[in-house]
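Tertiary structure, described
What follows is each chain in one-letter form.
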Amino acid sequence: MRTETDKAKLYDRQLRLWQESGQAALENACVCVFGSSALAAESLKNLVLPGIGRFVVVDDAAVDEQDVLTNFFVGSKDVGRPRAQCVVENLCELNPAVQGTAIVRSAEDALSAGASGVISSASLVIACGLAEHTVRQISEICWSAHTPLVCASTAGFAARLRTSVPEHAAVESHVGLKSDLRLLSPFPALRDYAEAVDLDSLDETDAGHVPYVIIILKALQRWAASSNSQEDIARRNMPIPYSSKQQIRELILQAAPAPGEENFQEAYSHFIADCTPYEIPGEVSQILDDPACTSVSAQSDKFWILAHALRRYVQSVYSQGELPLSGTIPDMKADTRSYIALQRIYKQKADQDKAEVSRHVHETLQMIGLPTDYVSAGEIDTFCKNAHRLRLLRCTPIHTELDSGPTQPSALSGSGALDHYVLFRASDAFLAKHARYPGAPSSSKAADSVAPGGDAANGNSLNSSLDLDDLVSADTLELSAIANGMLASWGVDSDVSSDIAAEFVRSGHCELHNIASMAGGLVSQEAIKLITHQYVPANNLCIVDGASARILVAKI
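Quick caveat: nothing in here was measured; it's all calculated off a predicted structure. (Residues numbered from 1 in each chain as written. Predicted model: local features only at pLDDT ≥ 70, side-chain atom pairs only at ≥ 80, totals over all residues. Heavy atoms only, no water.)

Here's the deal with the pattern of salt bridges
If the charged atoms of two oppositely charged side chains come close together, the side chains can form a pair. Throughout the structure, instances matching the rule amount to 32 salt bridges. The residue glutamate 42 makes a salt bridge to lysine 45 at a minimum N-O spacing of 3.0 Å. With a gap of 3 residues between them, glutamate 42 and lysine 45 both fall in helix H3 (residues 38-48), about one helical turn apart. Judged by its relative accessible area of 3%, glutamate 42 is buried. Note that arginine 160 and aspartate 428 form a salt bridge whose closest N and O atoms lie 3.3 Å from each other. Here arginine 160, found in strand S6 (residues 158-164), pairs with aspartate 428, found in helix H21 (residues 418-434); they are 268 residues apart in sequence, far enough to count as distant. An identical accessibility class is assigned to arginine 160 and aspartate 428; each is buried. (Salt bridge = Lys/Arg side-chain N within 4 Å of Asp/Glu carboxyl O. Helix = DSSP H or I, 4+ residues; strand = E, 2+ residues; numbered from the N terminus. Buried < 20%, exposed > 50% of the residue type's maximum accessible area, 1.4 Å probe, protein only.)

Below you can see the structure in the form of structure tokens.
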């Protein structure tokens, strides 16, 4: 049994990325994976190592010689054994704290036998290399259960990754934003602290340790006092003309006790970026204006209850239309005493803002009939610290896309992902018709995954009557025709690239381990984002083009 200290040592690096809250979410999560191919195994490997709670693998395939060459989690001694069992056994050896289960049934059989219960109890579902009709079934169940779904497949040097979740909110999005210092709208404690500092009376040593935030505020005060304007623009959070900005930067340099003082150079270089009028980020404004935020009930998710309270806070007289202060300041040249004093001022203001937000949270909870401890103090603290980084993701369901095509085909064209996307779709249509993928000889595996009504006999006769070169040539023409027909039905006035189509057929839809490993890394990365509610998942399609070393992302 691992102690908390042992876990902290084992997971030290990742704890720096998603902290204890993210690690707890991982350890309490269950991932259901349909498929046990190299792609599925590589995806799970990157979830088992950081300590996912448990996982379930659903697949009835038996290990064959091709698996031994491409899947590192099966060996030659495993040939003929259920691949799902072999993968689970070997994955669990990587991290004994993780529980793995194998269900040796095809995805279709499992779904018909009530696997929807497994899906609804899972934190996340991953579908790897499945036929389109099976993906449609899984997508419908996941969408109804509000369970995040990640679908992925590979074909030679190409891979496709699609994320689908009705709604996903990320509080700790870790989005890189400039520090919230409020230099153009300083709060009273910060303004008073800056006014108490007399740069002219400090010797060269002490002046060299004044934080650049104070230097900028002093320069703003001098500029406002010397300007002809009767109103202090710096205190009204109004934009400063460019010519005036240059004047203020000169005032900063003039105040330096000696040329080249590092803290004054910091003030000079940070002034333009840090002295912009305060505004709430657009993504956060959209969340605050969302109908789910403006009207909440006892059935609302905690995120929306907190967002509603934040909306009330922003609309209050206290906040003056600003989000709660995070309380953090960047590193800067200063002595320890000055830096800690400045840090304390920002922290005290952040605590005051948090107390005000907490009041709105408790009032909201009382309004909708929930106890005031329904949202913990820790959750309010995290929400306030990340209020300017809130992100919301709403995807379209995969089964709708499969039935009617992408809603934004222009996004595919703009990202360069159109050819690969439509060829993956055309390959699925080819499989449904011939019981084999384009360029691939007929096999029991392909025949088992064909949709009801697919022409398995057609695939067998075609393979026996043509040699491989003729097969590739004929399949390339048919695959291109299917893809072009799809493009026309989506209103796209272009044809698929013949070179990319030929490469798809040449691959025979086989998995290459290096591509499966890369795609598996992407799958697990998106899975961790969805499970921990940290960082921002890709919305919603990712294409790996290994032949040209590109990763393409588009929203469809």
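Here the narrative resumes, following the displayed structure.
Side note on a nonpolar patch on the surface
Together, Met518, Ile551 and Val553 give the surface a local cluster of nonpolar side chains, amounting to about 270 Å² of exposed area. Inspection of the secondary structure puts methionine 518 in helix H26 (residues 513-532). (Patch = residues over 30% accessible without salt bridge, like charges linked within 9 Å, V, L, I, M, F, W, Y side chains within 5 Å. Areas by Shrake-Rupley, 256 points an atom, 1.4 Å probe, with all protein chains shown as cover.)

A short note on the pairing of strand S1 (residues 30-34)
Of all 5 residues in S1, 5 are buried, a share of seventy percent or more. Across the two faces of S1 the burial is the same, with Cys30, Cys32 and Phe34 and Val31 and Val33 all buried. Regarding the hand of the β-α-β motif, the stretch spanning S1, H3 and strand S2 (residues 54-58) is right-handed. Direction of pairing for S1 relative to strand S4 (residues 124-128): parallel, over a ladder of 4 bridges. Residue pairing in the sheet places phenylalanine 34 in a bridge with alanine 127 of S4. (Right-handed = clockwise from strand over helix to strand, strands pointing away. Pairing = 2+ DSSP bridges.)

What to know about unusual backbone geometry
In this chain, asparagine 539 is followed by asparagine 540 through a cis amide linkage whose omega measures 5 degrees. Among the structural elements, asparagine 540 can be located in the loop between H26 and strand S9 (541-545). Phi is positive for histidine 174, which is not a glycine, with a value near 55 degrees. Take histidine 174: it is sitting in the loop between strand S7 (168-170) and helix H9 (188-196). Backbone geometry places glutamine 320, a non-glycine residue, at a positive phi of 55 degrees. Here glutamine 320 is to be found in the loop between helix H16 (302-315) and helix H17 (336-367). Residue class for glutamine 320 comes out exposed when judged on its relative accessible area of 68%.

Observations concerning the sheet that holds S1
Here we have 8 strands laid out as an open sheet, ordered S3-S2-S1-S4-S5-S6-S9-S10, and mixed in their pairing. Of all strands in the sheet, those with a lone pairing partner are strand S3 (99-103) and strand S10 (550-554), marking the two edges. The sheet shows a mean angle of 15 degrees between the axes of neighbouring strands, direction not considered. Where S4 meets strand S5 (residues 149-155), 4 bridges bridge the pair, whose relative direction is parallel. Note that in S5 the partner of valine 125 across the bridge is leucine 149. Sitting on the sheet, helix H5 (residues 83-94) is in contact with S2 and S3, with an inclination near 175 degrees to S3. Where H21 meets the sheet, it contacts S5, S6, S9 and S10, and its direction lies at approximately 90 degrees from that of S6. (Axes fitted to C-alpha atoms, helices over the stretch in contact; angles between N-to-C directions. Contact = heavy atoms within 4.5 Å.)

Points about the environment of glutamine 99
Relative to the helices and strands, glutamine 99 is located in strand S3. Judged by its relative accessible area of 53%, glutamine 99 is exposed. Distance in space between the C-alpha atoms of glutamine 99 and glycine 416 is 40 Å, their sequence separation being 317 residues.

Some words on the environment of glutamate 195
On the secondary structure map, glutamate 195 appears in helix H9. Take glutamate 195: its relative accessible area is 39%, and that puts it in the partly exposed class. Distance from glutamate 195 to lysine 218, taken between C-alpha atoms, is 7.3 Å for residues 23 residues apart in sequence.

A look at H26
The end-to-end C-alpha distance of H26 is 28 Å, a good match for the 28 Å that 20 residues give at a rise of 1.5 Å each. In terms of burial, H26 is largely enclosed, as 15 of its 20 residues are buried. The first or second residue beyond H26 is histidine 533, which carries a positive phi of 60 degrees. (Expected span 1.5 Å × (residues − 1).)

A word on the nonpolar core
Ranked by internal contacts, the top residues of the largest apolar core, which has 46 residues, are Val31, Ile52, Phe55, Leu124 and Ile126. With 9 residues, the single largest contributor to this core is H26. Contacts of isoleucine 52, omitting those with residues within four sequence positions, involve Leu26, Glu27, Ala29, Val31, Leu47, Val98 and Ile531. Membership of the second largest hydrophobic core comes to 35 residues, among which are Leu181, Tyr212, Ala256 and Leu342. (Core = buried A, V, L, I, M, F, W, Y, C linked by side-chain atoms within 4.5 Å.)

Quick notes on the packing of aromatic side chains
Scanning the entire structure with this criterion turns up 6 aromatic pairs. Both rings, one in phenylalanine 187 and one in tyrosine 346, keep their centres 5.5 Å apart while their planes meet at 85 degrees; by these two values the pair is edge-to-face. You can see phenylalanine 187 sitting in the loop between S7 and H9 and its partner tyrosine 346 sitting in helix H17, a full 159 residues away along the chain. Of the two residues, phenylalanine 187 and tyrosine 346, neither departs from the other in class, the shared state being buried. (Phe/Tyr/Trp six-rings, centres within 6.5 Å; stacked < 30°, edge-to-face > 60°.)

Details of the packing of helix H11 (residues 212-226) against helix H12 (residues 242-255)
Packing of H11 against H12 brings their axes to within 9 Å, and their N-to-C directions diverge by 120 degrees. Taken together, the axes of H11 and H12 are oblique relative to one another. In this structure, H11 crosses over H12, and the sense of that crossing is right-handed. Touching Ile215, Ile216, Ala219, Leu220, Arg222 and Trp223 of H11 are Ser244, Gln247, Ile248, Leu251, Ile252 and Ala255, all from H12. (Parallel < 35°, antiparallel > 145°, perpendicular 65-115°, else oblique. Left-handed = near helix turned anticlockwise from the far one by under 90°.)

With respect to the packing of H9 against H17
Contact geometry for H9 and H17: axes closest at 9 Å, N-to-C directions at 155 degrees. Between H9 and H17, the angle is such that the two are roughly antiparallel. In the packing of H9 onto H17, the handedness of the crossing is right-handed. Note on element contacts: H17 touches H9 through Ser338, Ala341, Leu342, Ile345 and Tyr346, opposite Ala189, Leu190 and Tyr193. Residue composition of the contact of H9 with H17, grouped by class: 7 nonpolar, 1 polar and no charged. (Nonpolar A, V, L, I, M, F, W, Y, C, P; charged D, E, K, R; others polar.)

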